[in-house]
Amino acid sequence: MDWFYQFPHMNDNALRDLKKVIDETFRGFTRSYGDLIEGFFTPLQHFLIAADRFMTKTPWPIITLLILVIAWAATRSLRIVGGCLATLLLIGYFGMWDDTMRTISMIFVCTVLSIAIGLPTGILMSRSDKVQRIVNPVLDVMQTMPSFVYLIPVVMLLGIGKVPGLIAVVIYAIPPMIRLTNLGIRLVDKDVLEAADAFGADNRQKLFKVQLPLALPTIMAGINQTIMMALAMVVIASMIGVQGLGQPVLKAIANQYFTLGIFNGLAIVGIAIMFDRVSQAYGERLQKHREVVHG
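Rules used in this analysis
Residues numbered from 1 in each chain as written. Predicted model: local features only at pLDDT ≥ 70, side-chain atom pairs only at ≥ 80, totals over all residues. Heavy atoms only, no water. UniProt positions renumbered as here; feature names shortened; annotations may be inferred. Helix = DSSP H or I, 4+ residues; strand = E, 2+ residues; numbered from the N terminus. Buried < 20%, exposed > 50% of the residue type's maximum accessible area, 1.4 Å probe, protein only. Axes fitted to C-alpha atoms, helices over the stretch in contact; angles between N-to-C directions. Contact = heavy atoms within 4.5 Å. Nonpolar A, V, L, I, M, F, W, Y, C, P; charged D, E, K, R; others polar. 1 Å grid on protein atoms, 1.4 Å probe; cavity = no way out; pocket = protein on both sides within 12 Å on 5 of 7 lines; lining within 4 Å. Points joined across faces, edges and corners; volume = space filled by probe spheres on them. Polar contact = N/O pair within 3.5 Å; in protein donor to acceptor, adjacent residues only side chain to side chain. Salt bridge = Lys/Arg side-chain N within 4 Å of Asp/Glu carboxyl O. Patch = residues over 30% accessible without salt bridge, like charges linked within 9 Å, V, L, I, M, F, W, Y side chains within 5 Å. Areas by Shrake-Rupley, 256 points an atom, 1.4 Å probe, with all protein chains shown as cover. Parallel < 35°, antiparallel > 145°, perpendicular 65-115°, else oblique. Left-handed = near helix turned anticlockwise from the far one by under 90°.

The name that an unreviewed UniProt entry assigns to the protein chain is ABC transporter permease subunit, with the source organism given as Ensifer canadensis. You can read under Sequence similarities (unreviewed entry) in the UniProt record for the protein chain the words "Belongs to the binding-protein-dependent transport system permease family." UniProt, in its Subcellular location (unreviewed entry) section for the protein chain, records the words "Cell membrane".

A. Examining unusual backbone geometry more closely. Phi is positive for Arg 76, which is not a glycine, with a value near 55 degrees. Residue placement: Arg 76 occurs in the loop between helix H4 (60-75) and helix H5 (78-93). The backbone of Gln 256 shows a phi angle near 60 degrees, a positive value even though the residue is not glycine. For Gln 256, the position within the fold is in the loop between helix H14 (246-255) and helix H15 (258-294). Taking relative accessible area as the criterion, Gln 256 reaches 72% and is therefore assigned exposed.

B. Broad picture of the packing of helix H2 (residues 12-40) against helix H8 (residues 147-158). The geometry of H2 relative to H8 is characterised by a closest axis approach of 8 Å and an angle of 65 degrees between their N-to-C directions. Residue-level inspection shows Phe 26, Arg 27, Phe 29, Thr 30, Gly 34, Ile 37 and Glu 38 of H2 in contact with H8, the latter providing Pro 153, Met 156, Leu 157 and Leu 158. Looking at the contact of H2 with H8 residue by residue, the classes come out as 7 nonpolar, 2 polar and 2 charged.

C. Expanded view of empty space enclosed by the protein. Per the stated rule, a full pass over the model turns up 1 cavity of 30 Å³ or more. Of the pockets and cavities examined, the largest cavity occupies roughly 50 Å³. Every residue along the wall of the largest cavity is listed here: Leu 48, Asp 52, Arg 102, Ser 105, Met 106, Lys 162 and Gln 243. Of all the secondary-structure elements, those providing two or more residues to the lining of the largest cavity are helix H3 (42-57) and helix H6 (97-127). For the lining of the largest cavity, the element with the highest residue contribution is H6, accounting for 3 residues. Broken down by class, the residue content of the lining of the largest cavity amounts to 2 nonpolar, 2 polar and 3 charged.

D. Here's a closer look at the side chain of Ser 105. Mapped onto the fold, Ser 105 is located in helix H6. Side-chain polar atoms of Ser 105 contact the backbone oxygen of Arg 102, separated by 2.7 Å. Beyond its immediate stretch of four places on either side in the chain, Ser 105 contacts Leu 48, Ala 51, Asp 52 and Met 55.

E. Broad picture of the pattern of salt bridges. Tallied over the entire structure, the rule returns 7 salt bridges. The partner of Lys 162 in a salt bridge is Asp 52, and the shortest N-O contact between them spans 3.9 Å. Highlighted residues: Lys 162 in helix H9 (residues 162-173) and Asp 52 in helix H3, separated in sequence by 110 residues. The class of Lys 162 is partly exposed, set by a relative accessible area of 27%.

F. Just a nonpolar patch on the surface, in detail. Taken together, the side chains of Leu 90, Tyr 93, Phe 94, Phe 258, Ile 262, Phe 263, Leu 266, Val 269 and Ile 273 make up a nonpolar region of the molecular surface, amounting to roughly 950 Å² of accessible area. For the nonpolar patch, the element with the highest residue contribution is H15, accounting for 6 residues. Mapped onto the elements of the fold, Leu 266 is located in helix H15.

G. Region of interest: the layout of surface pockets. A volume near 720 Å³ is recorded for the largest pocket. Along the walls of the largest pocket sit 24 residues, with Ile 70, Phe 108, Ile 227, Phe 275 and Val 278 positioned nearest its centre. Each residue belonging to the lining of the largest pocket can be placed in one class, and the counts come to 22 nonpolar, 2 polar and no charged.

H. Structural view of the packing of H4 against H5. The N-to-C vectors of H4 and H5 enclose an angle of 155 degrees; their axes lie 9 Å apart at closest approach. Taken as axis vectors, H4 and H5 run roughly antiparallel relative to one another. You can see that H4 and H5 cross each other, and the crossing is right-handed. The segment H4 lies against H5, with Trp 60, Thr 64, Ile 67, Leu 68, Ala 71, Trp 72 and Thr 75 engaging Leu 78, Ile 80, Val 81, Cys 84, Leu 85, Leu 88 and Leu 89. Taken together, the residues of the contact of H4 with H5 sort by class into 12 nonpolar, 2 polar and no charged.

The structure is reproduced here in structure tokens:
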């Protein structure tokens, strides 16, 4: 009756051999193509370094003013702009300015990369049920896989540094962008599409002049979620050399520095709330515009 109490499983030796074969295959792939893959991501490394230098080397009043101008342009809300100003001033006052700027530069690059990959993928999914059936299981794996697991293949391929951390963050954060782009386009009113057809619009015109503008509030929600998930991954990515607010938090965990961890954790919360309020307010403005024009 052992089979009744113990689930039948592969022979231990066979399982060990299988794992060994997979590990050796991946190591062989890494040795053969690691340099080629690393060269492929060189432009991304330059982009990340340029963003980091801009955020850390530009005088803080200019960076603060730039962020406030972007917040005002997106929200038209003095309350949100005031909240952003207070958050930035508190972060700087408690000596976390440079780490915060590095984190913001990382989030900026992750967001740009997620939009560049996620938007076309979401559009492709919305136009083909077959593509959606193929991509959805991949997104399920990306969203449910423990975030630490992403670090293993990335580090084996690219080593320790900013680019491996960036790739791990993007893999973790991009699914909402793809899903909500697909959803937003699919939820566009069929009557509106029929009207576009009646006026002789081709597929390209329908996509760029009808579907994407109407789906923009939903797409903005996807961008918002991507930013939030990227921020959630910052501390984990610091384990493989990503600089920013994650590294002091990791140091605080290792050395039991309570105040260091709390301060930097609150700084992450502060910029997360700042990004969240700005992107949500911008999405609401787009929604109101859509209701006025098409309501």
